[in-house]
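Below are the chains, spelled out letter by letter.
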Amino acid sequence: MNLDAVGRHTPRTVDDAEREAAVIAPVVDRDGSDALLFTKRADHLGEHAGQMSFPGGGREPSDTDLEATARREANEEIGLRADEIRVLGRLDDIETVSEYAVRPFVSRIPDREYVPDEREVAEIVVLPVEELTDRDNYESERRDHPHYGEVRLHFFYVGGYTVWGATGRMLVQLLELATNWRMPPKVDRVVDPDADFPV
């Protein structure tokens, strides 16, 4: 991955959201190739249960800024220490259906064993960038959203896992900035607003 391109990116900032959150988009070097670390959210969580996400969460009053939020939450969720995180740049702030503005910090972290906090994280998953950029592992759909109008949803299918939702949107931008992968101009399907998600 060309992560220098992430550092040169000028990210879009959302500064009028009622709720703020931040995540670490962690890149690891696994056997000489880049991979991304995801968490699979615990099934009992109220919001986005069972979904793939990057380590992170909501801002607390004690956090000095959103980078501090991302570092604290990553430590709480998977035991990633603040001194292990080398922030390389930011992606655009993402507004979610749960009314958060989420700030992603793309970072290098060590490829070691991390321990999930079982209250929040069901599993830690590392997916190769090579497979995430395989066009056969991607599809998208368009549907109407009651608040945001027409939206395009992205789905990455790798190793039995599906990355989609807000994390899928972050992943699209990261791959477009740092690899030769480009989002196809046309969606694979248009679905009704209440259609089931293909996960």
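Per chain, residue numbering runs from 1 following the sequence as it is written. Only residues with pLDDT of at least 70 get local features here, since the model is predicted, and only at 80 or more are side-chain atom pairs given and counted; chain-wide, interface and lining totals rely on the full set of residues. The side-chain values count all of the structure's non-hydrogen atoms but skip hydrogen atoms and water molecules.

## Describing unusual backbone geometry
Formally: A simple rule labels every residue: compare its accessible area, found with a 1.4 Å probe on the protein chains alone, to the largest value its type can have, and call it buried under 20%, exposed over 50%, or partly exposed in between.
Positive phi, close to 55 degrees, is recorded for Asp31, a residue that is not glycine. Given a relative accessible area of 78%, Asp31 falls into the exposed group.

## Regarding the confidence of the model for the chain
Low-pLDDT portions of the prediction should not be read for the details of their coordinates. Put simply, the test is: A score from 0 to 100, pLDDT tells how confident the predictor is in each residue. Here a helix means four or more residues in a row that DSSP labels H or I, a strand means two or more in a row labelled E, and each is numbered from the N terminus.
For the chain, per-residue confidence averages 91 on the pLDDT scale, and residues scoring 70 or more make up 92% of the total. Across the chain, helix H3 (residues 129-132) holds the top mean pLDDT of 98, while strand S9 (residues 138-145) sits lowest at 88.

## Concerning the pattern of salt bridges
In a structure, side chains of opposite charge can pair up when their charged atoms sit close to one another. Counted only if it meets this: The salt bridge definition used is simple: a Lys or Arg side-chain nitrogen within 4 Å of an Asp or Glu carboxyl oxygen.
As enumerated under the stated definition, the model contains 19 salt bridges in all. The residue Asp111 makes a salt bridge to Arg30 at a minimum N-O spacing of 2.7 Å. With Asp111 in the loop between strand S7 (100-108) and strand S8 (121-128) and Arg30 in strand S1 (residues 19-30), the pair connects residues that are 81 residues apart, well separated along the chain. Judged by its relative accessible area of 35%, Arg30 falls in the partly exposed class. Look at the salt bridges and you will find they share partners, linking Asp63, Arg72, Glu73 and Glu76 into a network.

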